[in-house]
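# Breakdown of the fold
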Amino acid sequence: MVVLIDSNNFYVSVERAFQPYLKNVAGCVMSNGDGCAIALSNEAKQLGIKRGTPFFELRDMLNQGKVWWRSSNYTLYQDMMRRITKIIKRSFPDQEIYSIDECFCDVSGHRYENLEDKGVELRARILKWVGVPVGIGIAPNRTLAKIANKLSKNTETGVFMMDTPAKIEEGLKATEIDDVWGIGPRYAIKLIQEGVYTAWDFIQLPEDYVLKLMTIQGRRTYRELKGEKCMPMEYDRPDKQAIATARSFRGFERELPPMEEALANYVANAALKLRSQRSVCAKIFVYAHTSRFAVITDRYSAGQEIKLEVATNDTALLIKEAVRALRMIFVKGYRYQKVGIELKELKPENQVQSSLFDRVDAGKNEKMQKALRAIDGMNAVYGKDTVRYAVMGYEKKWFMKQEYLSRKFTTRLEDIIVVKAV
DNA sequence: TCTGGGGTCCTAGGACCC
DNA sequence: TCTGGGGTCCTAGGACCC
C-alpha cells in the first residue's frame, strides 16, 4: 500500500498557523509579484474566488475586509514542510517528498496492525506539533492514493483508505475525470467528448484506445486506476536536468539596461542552484516577452539559445552570454513584462569536456572555482547577494511586488524571537 | 493600470549515417 | 506503373505536475 499525506490549502494553512486571527476568515496567498491568487482557503472558494483570479479582480473584496491576503513566502512554506516530513518519517520511514506539500510513503515493506488508525494518529500529531491540517489517502498505488487523499478531505477523520475492490469502485465513481492525477485539461476535454465523465468510466475504455489517445503516460494512469502498480518510489531526488529562473517585472520595462540587470540577477540565482547540485550547463536559453494580455499589435515574444563552448557553472561567464543573447532578441518599442533564463544540458561538473580550441586556461578556471566557492560561502552566511556582480545592480526598481509578505517566522532569527515574545 | 514560476516526460519528424 | 532499408540522434512542441 501507498500512503499520501497532502496538506489542505497548504500556503493558507501555514499563514494561519502563525497568524491565528486569519482562521475562519476567507483568505488567499498570491503568486510571485502578487499577480493572482494561487492558494485559497475553503471560505474563499465558497466566495467564488478561483485559483488564478488576478489581484485587481479581488480588490473590492479585499478593501471591504471580506478577504485577507498574503504574498507568497516560499522560505516559510518550505521550512514548514521540512518539519512535517520529519514527523511523518517517525510513522512511515520509506518516504518520498513529492512536492512542497505532498509526501508519498510506501508501507509495503512493513507490517502495521491497522494502517487507517496509524494515519489518524499521524494526522493529529502533525496538527498538534506544526499546526497544519493534512489529508491522508491510503491505497494500492500512487494514482489511487491521490484519489483516496482527495476523498479524505470529506471524512471526519481526515483519513481515507481504499483497500478493497468495492471501496476502489466507489472512489473511482466519485472522481471526475479532470480530477484524476495525470489527466490535465486537454485530455479531460477529449475524454468528456467521448462520454467519459468519471475515473470509473475511464477504466471501462479499451486499453489500446487509451494508448492511442494519450500515449504511454495515459496508459500508465489507466493501469494504476485498475490497481496495477506502475510508478516506483523515488527516494532520492535525481539531479535536475534543467534550471530556470524568471520573474515578471514590478511594472513594465521598455529599456535594455534594467532588463539586463534583472536578467543578471536571475542568472546568478540559477547558477547558484547549478553549483549546489555540482553541475555545469552546456546550453542557455534567454527569453523576453510582453504581457500576453496586451493587444495583439503590442505583443512580442522572443528567445535565443546559446551553445557554450565549454560547459560551465561560472556566474560571470553565464551572465556575459545571457546578456549577449538578450541583446540579440531585444527590440525597442515594446513594454516588456518578463525576462528569463533557462540553463540546459546539465551534467556533473567532474565530467566537463574541454573544447579543442579552449580559450579558458585550466589554471585560471581552477582559481575561478575557488573564488565561486568563497563567494557562495560568504553569501550563505551573510545573506543572499552580499557579494555580487556589479551588473546585478543595487536598487532593483524592477523587482517584483511583495506588498504583504509575512515574516520568515521559522528561519530568521529576529522573527523567531518575536514569535516567542508574543 | 493590473493576469505566477519551475519543472518533467514523450513524440513526431528532420537530419544524418551506412 | 515502379526509384532501398534500417538505424541513431536531435529538437520543437505538446502534455502533464505542483
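Residues numbered from 1 in each chain as written. Chains lettered and ligands numbered in written order. Predicted model: local features only at pLDDT ≥ 70, side-chain atom pairs only at ≥ 80, totals over all residues. Heavy atoms only, no water.

Our next topic: the overall build of chain A. Looking only at helices and strands, chain A has 14 helices and 12 strands in total. Its C-alpha atoms give chain A a radius of gyration of 24 Å, near enough to 22 Å, the size a compact globule of 422 residues would have. Taken along its principal axes, the extent of the C-alpha atoms in chain A is 65 × 55 × 50 Å. Per-residue burial for chain A yields a buried fraction of 45% across its 422 residues. Pairs at least 24 residues apart make up 67% of the contacts formed inside chain A by residues separated by at least 6 positions. Approximately 23,300 Å² of chain A is accessible, and the part contributed by carbon and sulfur atoms is 51%. Taking the average place of the 66 positive charges on the side chains of chain A and the average place of its 53 negative ones, the gap between the two points comes to 4 Å. (Helix = DSSP H or I, 4+ residues; strand = E, 2+ residues; numbered from the N terminus. Rg over C-alpha atoms; globule rule 2.2 N^0.38 Å. Buried < 20%, exposed > 50% of the residue type's maximum accessible area, 1.4 Å probe, protein only. Contact = heavy atoms within 4.5 Å. Areas by Shrake-Rupley, 256 points an atom, 1.4 Å probe, with all protein chains shown as cover. Lys, Arg positive; Asp, Glu negative; His and termini not counted. Charge placed at Lys NZ, Arg CZ, Asp CG, Glu CD.)

To continue, consider the environment of Met161. Considering the arrangement of structural elements, one finds Met161 in strand E8 (residues 159-161). Sequence-wise, Met161 and Leu115 are 46 residues apart; in three dimensions their C-alpha atoms are separated by 8.4 Å. With residues up to four places along the chain from it excluded, the contact list for Met161 reads Met1, Leu115, Glu116, Ile138 and Lys167.

Bringing a nonpolar patch on the surface into the picture now. A surface patch of nonpolar side chains, amounting to about 410 Å² of accessible area, comprises Met378, Val381, Tyr382 and Val387. You can see Val381 is positioned in helix H13 (residues 362-382). (Patch = residues over 30% accessible without salt bridge, like charges linked within 9 Å, V, L, I, M, F, W, Y side chains within 5 Å. Salt bridge = Lys/Arg side-chain N within 4 Å of Asp/Glu carboxyl O.)

Our focus in this paragraph is the nonpolar core. Membership of the largest hydrophobic core comes to 36 residues, with the highest contact counts inside it found for Ile284, Leu326, Ile341 and Leu343. If you tally residues by element for this core, the top one is helix H11 (residues 256-276), at 11 residues. If near-sequence neighbours (up to four positions away) are discounted, Ile284 is found in contact with Gln304, Glu305, Ile306, Leu308, Leu318, Glu321, Ala322, Ile341, Glu342 and Leu343. Core analysis: the second largest hydrophobic core is formed by 34 residues, Val29, Leu115, Val134 and Ile138 among them. (Core = buried A, V, L, I, M, F, W, Y, C linked by side-chain atoms within 4.5 Å.)

Here we come to H11. An ideal rise of 1.5 Å per residue puts 30 Å on 21 residues; H11 measures up with 30 Å between its terminal C-alpha atoms. Burial analysis of H11 places 16 of its 21 residues in the buried class, the great majority of the element. Of the residues trailing H11, Arg278 is marked for its positive phi of about 55°. (Expected span 1.5 Å × (residues − 1).)

Within strand E6 (residues 102-106), 5 of the 5 residues are buried, which leaves the element mostly enclosed by the surrounding structure. Burial along E6 is two-sided: the residues Glu102, Phe104 and Asp106 and Cys103 and Cys105 are all buried. Strand direction decides the pairing type here: strand E1 (residues 2-7) and E6, joined by 5 bridges, are antiparallel. Paired with Asp6 across the bridge in E6 is Glu102. In terms of strand pairing, strand E5 (residues 95-99) meets E6 through 4 bridges, oriented antiparallel. Bridge pairing in E6 links Gln95 to Cys105. Linking E5 to E6, which pair antiparallel, is a turn of 2 residues. (Pairing = 2+ DSSP bridges.)

On to helix H1 (residues 10-18), then. Spacing of three or four residues puts side chains on the same side of an α-helix, whose turn is 3.6 residues. A large share of H1 lies buried, amounting to 7 of its 9 residues. Taken residue by residue, H1 has Phe10, Tyr11, Val12, Ser13, Val14, Glu15 and Arg16 as its buried positions. On its buried face, H1 is in contact with E1, strand E2 (27-30), strand E3 (37-40), helix H2 (42-46), strand E4 (68-70) and helix H4 (74-91).

Below, the discussion takes up the UniProt feature "domain: UmuC" (unreviewed entry) in chain A. According to UniProt, the "domain: UmuC" (unreviewed entry) feature falls on residues 2-184. Summarising residues 2-184: 42% helix, 20% strand, and an end-to-end C-alpha distance of 23 Å. (UniProt positions renumbered as here; feature names shortened; annotations may be inferred.)

Let us look at the sheet that holds strand E10 (residues 279-290). Ordered in space as E9-E12-E10-E11, the 4 strands form an open sheet in which the pairing is antiparallel. Bordering the open sheet on either side are strand E9 (243-253) and strand E11 (301-312), each of which pairs with just one other strand. For this sheet, the mean angle separating the axes of adjacent strands, direction not counted, is 15°. The strands that helix H12 (residues 315-329) touches are E10, E11 and strand E12 (336-348); relative to E11, the one it contacts most, it runs at about 150°. (Axes fitted to C-alpha atoms, helices over the stretch in contact; angles between N-to-C directions.)

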